[in-house]
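# Commentary on secondary and tertiary structure
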Amino acid sequence: MKIPYYPGCTLSTTAKAFERTAMSAAEMLGFTMVEIEDWNCCGASFPLTQDNIMGLAGPTNVLIDAKKECLKEGYEDKVVTLCSVCFNVLRRTNYAFKEKKDKLDTVNFMLEKDYAADTNVYHYLEVLRDDIGYDVIKEKVKKELKGLKVAPYYGCFLLRPQDEVGFDDQYAPTIFEDFLSTLGCEVVDFSHKSECCGSYSAMRSPENVEECAYNVVDAAAAAGAEILVTACPLCQFNLDEKQESIKAHHSDATEIPVVYFTQLLGLALGMDVNDFKLDENRVNPLPLIQAKGLV
Amino acid sequence: MHAHDSHEVEVDEFIENITKMSGEDFSLCYQCGKCTAGCPMADVMDFPPTLVMRYMQMGLSEELKKATSRWDCVGCLVCGSRCPKFCNPAKVMESLRLDDIKSGRRQEEIEALPVNFLKKAPQQAIVSGFRKYVP
């Protein structure tokens, strides 16, 4: 099974560990992610104002490029993303066009294209659940992650707005929990799993990001989590990178490593942990993984 | 003479513009405060979402122009997801940001960007940051 894959601006650069583990795990689970040709950035945030048609041009171009790939022989008619923001922007763009046909007409006119809002956008987790099946993954797990207390962190863009994204229940999502249980992890429910990490404030108000990150990490620690997993490179960066300054400002702070869900998947499937680039994390997850006897 | 002339309400361009950009019907908001209760940045905001909605209802444009809370908004969309009247304060915050930028009330200086931080930050932070902070 070949599925067209849209990496977006971050996956091939600062989030290589996310991309590599996802692609290797895909091969082990029976599908190949084929990077779409000639893609551009999705804009990294969905335009929230009515008149911002320009903000839809970028993602539309991506959806058009992806559709070309989808129509090739032997390819699935869907594009898969890893970054939750890319996923959010692409799905919302299609939704916006279906809601307001005149927006689609305007963007088609601007781009001199004839997009029909018909590119199917999926997140990697959805492919694992719906196309591969958690039961199949369970059979392929070589090393159960027993005893590892994992807090699934959804963040904002996998879940909101629920009507437009349609990924999972925004208040009580389960896709991450079910996935982690499949790997044998001990899933830790915590209050801040869909609270913001601080997002793009990283650029202008690092103190605001620190506050957001502290709230999330602190809630996870209080719930007994040893490690946080995420599906977004910016969440990973904000939650992990800020822990040094959090420690300086909060005497009660507990350090918790933050990894991509595909890194845990790779670990469970028996991939070499040296390929995970774990040393790039501010809080190194390796000591914990070693202590649990998982490497 | 037209009878309705004396009843004409003075149109505030700023309020009209924000209403148009956001696409919000401000008369729906009944000030329950759920948006502010869920907002992760409410603590640091001068005008949290509930208050922005109220000032828009009242047409208090000068106060709204001076407010800075839109620059603390992280666009997490919790406010809109919790609103019982399906309002979307995040759209209003974005409209206020864009109006600031378009009118020149807010300008970003390239020199002021945290270059060393941006070298290690994910591209995503830079792209969406520019989308939010720069015209």
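Nothing here was measured: the structure is a model prediction, and the numbers come from that model. (Residues numbered from 1 in each chain as written. Chains lettered and ligands numbered in written order. Predicted model: local features only at pLDDT ≥ 70, side-chain atom pairs only at ≥ 80, totals over all residues.)

A count of helical and extended segments in chain A gives 14 helices and eight strands. In terms of overall dimensions, chain A has C-alpha extents of about 55 × 45 × 30 Å along its principal axes. By the burial criterion, 52% of the 295 residues in chain A qualify as buried. Across chain A, contacts joining residues at least 24 apart in sequence account for 79% of those joining residues at least 6 apart. (Helix = DSSP H or I, 4+ residues; strand = E, 2+ residues; numbered from the N terminus. Buried ≥ 20, exposed ≤ 12 C-beta atoms within 10 Å, placed from the backbone. Contact = placed C-beta atoms within 7 Å.)

It is worth spelling out the overall build of chain B at this point. A tally of helices and strands in chain B yields eight helices and zero strands. Each helix and strand of chain B, ordered N terminal to C terminal, gives the series α-α-α-α-α-α-α-α. Dimensions of chain B along its principal axes, counting C-alpha atoms only, are 65 × 35 × 20 Å.

With that settled, consider the domain arrangement of chain B. Domains assigned within chain B are domain 1 (3-104) and domain 2 (110-135). Between the C-alpha centres of domain 1 of chain B and domain 2 of chain B there is a distance of 26 Å. (Domains from an automatic or database assignment.)

Here we come to the nonpolar core. Residues and elements named next belong to chain A. If you look at the biggest cluster of nonpolar residues, it comprises 122 residues, and the most contacted ones within it are Val150, Ala213, Ala225, Leu228, Val229 and Leu264. Not counting residues within four places of it along the chain, the set of residues in contact with Val229 comprises Val150, Pro152, Tyr153, Val259, Tyr260, Phe261 and Leu264. If you look at the next biggest cluster of nonpolar residues, it comprises five residues, including Leu56, Ala96, Phe97 and Leu104. (Core = buried A, V, L, I, M, F, W, Y, C linked by C-beta atoms within 7 Å.)

Okay, the sheet that holds strand S5 (residues 149-152) of chain A next. Residues and elements named next belong to chain A. Judged by pairing direction, the sheet is parallel, and its four strands sit side by side in the order S6-S5-S7-S8 without closing on themselves. One side of each edge strand has no neighbouring strand; the edge strands of this open sheet are strand S6 (186-187) and strand S8 (258-260). With two bridges connecting them, S5 and S6 associate as parallel partners. By the bridge assignment, Lys149 is partnered in S6 with Glu186. Of the strands in this sheet, strand S7 (227-230) and S8 touch helix H11 (residues 233-241), which is tilted by about 165 degrees from S8. (Pairing = 2+ DSSP bridges. Axes fitted to C-alpha atoms, helices over the stretch in contact; angles between N-to-C directions.)

What follows covers the interface of chain A and chain B. The interface is formed by 35 residues belonging to chain A together with 30 residues belonging to chain B. Mapped by element, the contributors of at least two residues to the side of chain A that touches chain B are helix H1 (8-11), helix H10 (206-222) and H11 of chain A. Considering every element that reaches the side of chain A that touches chain B, the biggest residue donor is H11 of chain A, with three residues. For the side of chain A that touches chain B, the residue count by class is 17 nonpolar, 14 polar and four charged. (Nonpolar A, V, L, I, M, F, W, Y, C, P; charged D, E, K, R; others polar.)

Glancing now at H11 of chain A. Think of an α-helix as turning once every 3.6 residues; residues three or four places apart then point the same way. Burial analysis of H11 of chain A places nine of its nine residues in the buried class, the great majority of the element. Every buried residue of H11 of chain A is accounted for by Pro233, Leu234, Cys235, Gln236, Phe237, Asn238, Leu239, Asp240 and Glu241 of chain A.

Right, let's talk about the domain arrangement of chain A for a bit. Residues and elements named next belong to chain A. The domains assigned to chain A are domain 1 (2-124) and domain 2 (133-291). One C-alpha centre belongs to domain 1, the other to domain 2, and the line joining them spans 24 Å. Each partner contributes residues to the interface: domain 1 has 23 residues there, and domain 2 has 24 residues. Those elements giving two or more residues to the side of domain 1 that touches domain 2 turn out to be helix H2 (16-29) and helix H4 (84-99). Ranked by the residues each element gives to the side of domain 1 that touches domain 2, the list is headed by H2, at ten residues. Of the residues contributing to the side of domain 1 that touches domain 2, the split by class is eleven nonpolar, eight polar and four charged.

Let's shift gears to the sheet that holds strand S1 (residues 2-6) of chain A. Sheets are built from strands paired through backbone hydrogen bonds, the pairs being either parallel or antiparallel. Residues and elements named next belong to chain A. Taken together, the four strands give an open sheet; going across it, the order is S2-S1-S3-S4, and neighbouring strands pair in parallel fashion. In this open sheet, the two edge strands, each paired with only one partner strand, are strand S2 (32-35) and strand S4 (121-123). Ignoring strand direction, the axes of neighbouring strands in this sheet form an average angle of 45 degrees. For S1 and strand S3 (residues 79-81), the ladder comprises two bridges, and the chain directions are parallel. The partner of Tyr6 across the bridge, within S3, is Thr81.

With that out of the way, let us pick up the environment of Thr10 of chain A. Counting through the fold element by element, Thr10 of chain A comes out in helix H1. Under the C-beta neighbour-count criterion, Thr10 of chain A is labelled buried, with 29 such atoms within 10 Å. Through-space distance from the C-alpha of Thr10 of chain A to that of Cys232 of chain A is 9.6 Å; in sequence the pair is 222 residues apart. For Thr10 of chain A, the contacting residues outside a window of four places in its chain are Ala15, Cys83 and Pro233 of chain A together with Pro122, Gln123 and Gln124 of chain B.

The residue after Arg160 of chain A, namely Pro161 of chain A, is reached through a cis peptide bond having omega -10 degrees. Of note, Pro161 of chain A is situated in the loop between S5 and helix H8 (162-165). For Phe86 of chain B, which is not glycine, the phi dihedral falls at a positive 60 degrees. Note that Phe86 of chain B resides in the loop between helix H5 (78-82) and helix H6 (89-103).

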